[in-house]
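So you can see what is in the structure, the chains are spelled out below.
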Amino acid sequence: MSKPIETDIQEVREKNNVTWFNGAVSREKRENLHGHKGAVIWFTGLSASGKSTIAHHLERLLYEAGCSTYVFDGDNVRHGLCADLSFTPEHRSENIRRIGEMTKLFVDAGVIAVTAFISPYKEDRDSVRRLVGDASFLEIFVQCPPEVCAARDPKGLYERAQRGEIKEFTGVSAPYEEPADPDLTIHSSDEDADTAARRVYDLIKQRHIIGVSREAVEDHD
Ligand SMILES: Nc1ncnc2c1ncn2[C@@H]1O[C@H](COP(=O)(O)OP(=O)(O)OP(=O)(O)O)[C@@H](O)[C@H]1O
Ligand SMILES: [Mg+2]
């Protein structure tokens, strides 16, 4: 399977006469209803760095504050939407592209989409940022030394990768490109998951995604 590039997608759209339908209920109206903005909180980091753990702590905090949220988690997405994809560089990129498109729709729905994917390639993460828009995208780097991740190994994946049973395993036999300028870095070997989630929550507030009145959400754009 070849990676769909932007020019191909544009050609297919034109060939099929695909246009975007704008309904009467806008993103701003949906955000006003939710009382917060739509956004993507994108966690990236090695396997076992703590992305899922922190993402779900964060979702609980947001839920308790009355926010509409959804967590997209690696393995869950590969059960259906991306079940046809493997872990080659090409398929990893396509995996992130599809998830990016999905989160864009959630932002349009006025929801806070929290994602927990290794997403090892910088260009793929930057593409999602461009797609969603800078103001609606927070990149959270869960930094953790590979040896700490390998010692945690909650799914036994590092052990299997080191035995050669899993090919192209990030951090062992496939690369991970660290974010150059993330919105926030969490050092999960020094900071517990709850504290980390609270720091992300504070950042979401600082960026005025939450914590604004319903009317202000509508006025903001
Ligand atoms: N400070 C911390 N933050 C997050 N997880 C931690 C922390 N300290 C220890 N852990 C443990 O590390 C493990 C992290 O696993 P988790 O499934 O969250 O990682 P992940 O980054 O989602 O990995 P994968 O990419 O394989 O899905 C869990 O067992 C968790 O309890
Ligand atoms: Mg996970």
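Here, every reference points to the structure presented above.
This structure is a prediction, so every number in the text was calculated from the model and none was measured.

**Student:** Go over the nonpolar core with me, naming the residues and quoting the values.
**Tutor:** The nonpolar side chains of a soluble globular protein tend to be buried with one another. By size, the foremost hydrophobic cluster in this structure holds 26 residues, and its most contacted members are I41, F43 and L58. Secondary-structure elements contributing two or more residues to this core are β1 (39–44), α3 (51–64), β3 (112–116), β4 (137–143), β5 (184–187) and α9 (193–206). Among the elements that make up this core, the one with the highest residue count is α9 (six residues). With sequence-adjacent residues up to four places away left out, I41 is seen in contact with L58, I112, A113, V114, T115, L138, I140, V200 and I204. Core analysis: the next-biggest nonpolar cluster, separate from the first, contains 14 residues, L85, I99, A113 and F117 among them.

**Student:** Please provide a residue-by-residue account of the packing of α3 against α9, values included.
**Tutor:** Relative to each other, α3 and α9 sit at 55 degrees, their axes nearing to 8 Å. Classified by the interaxial angle, the pair formed by α3 and α9 is oblique. Crossing of α3 against α9: the hand is right-handed. Every residue of α9 that contacts α3 at T53, I54, H57, L58, R60, L61 and L62 is listed here: A193, D194, A196, A197, R198, V200, Y201 and I204. Looking at side-chain class alone, the contact of α3 with α9 contains ten nonpolar, two polar and three charged residues.

**Student:** For the pairing of β3, give the residues involved together with the corresponding values.
**Tutor:** Remark: a regular strand shows side chains that alternate across the two faces of the sheet. A large share of β3 lies buried, amounting to five of its five residues. Of the two faces of β3, the one holding I112, V114 and A116 and the one holding A113 and T115 are both buried throughout. Pairing analysis gives five bridges linking β1 to β3, with the strands arranged parallel. By the bridge assignment for β3, F43 is matched with A116.

**Student:** Describe the packing of aromatic side chains, and please don't skip the residues or the numbers.
**Tutor:** Scanning the entire structure with this criterion turns up seven aromatic pairs. A ring pair is formed by F72 and F106, whose centres lie 4.9 Å apart and whose planes are at 80 degrees; its orientation type is edge-to-face. In this pair, F72 sits in strand β2 (residues 69–73) while F106 sits in helix α5 (residues 89–108), placing the two residues 34 residues apart along the sequence. The class for F72 is buried, based on a relative accessible area of 6%. An aromatic cluster of at least three residues, connected via ring pairs, comprises W42, F117 and F137.

**Student:** Which residues make up the site of ligand 1, and what values go with them?
**Tutor:** If you check the shell around ligand 1, you find 17 residues, and the closest are S47, K51, T53, K155 and E191. At 2.8 Å from an oxygen atom of ligand 1 is found a main-chain nitrogen or oxygen belonging to A48. Protein chains shield 75% of the accessible area of ligand 1, which is 640 Å² for the free molecule. Of the residues forming the shell around ligand 1, the biggest block, four residues, is contributed by α3. Tallied by class, the residues present in the shell around ligand 1 amount to six nonpolar, six polar and five charged.

The rules behind each value
- Residues numbered from 1 in each chain as written.
- Chains lettered and ligands numbered in written order.
- Predicted model: local features only at pLDDT ≥ 70, side-chain atom pairs only at ≥ 80, totals over all residues.
- Heavy atoms only, no water.
- Core = buried A, V, L, I, M, F, W, Y, C linked by side-chain atoms within 4.5 Å.
- Buried < 20%, exposed > 50% of the residue type's maximum accessible area, 1.4 Å probe, protein only.
- Helix = DSSP H or I, 4+ residues; strand = E, 2+ residues; numbered from the N terminus.
- Contact = heavy atoms within 4.5 Å.
- Axes fitted to C-alpha atoms, helices over the stretch in contact; angles between N-to-C directions.
- Parallel < 35°, antiparallel > 145°, perpendicular 65-115°, else oblique.
- Left-handed = near helix turned anticlockwise from the far one by under 90°.
- Nonpolar A, V, L, I, M, F, W, Y, C, P; charged D, E, K, R; others polar.
- Pairing = 2+ DSSP bridges.
- Phe/Tyr/Trp six-rings, centres within 6.5 Å; stacked < 30°, edge-to-face > 60°.
- Near = heavy atom within 4 Å.
- Polar contact = N/O pair within 3.5 Å; in protein donor to acceptor, adjacent residues only side chain to side chain.
- Areas by Shrake-Rupley, 256 points an atom, 1.4 Å probe, with all protein chains shown as cover.

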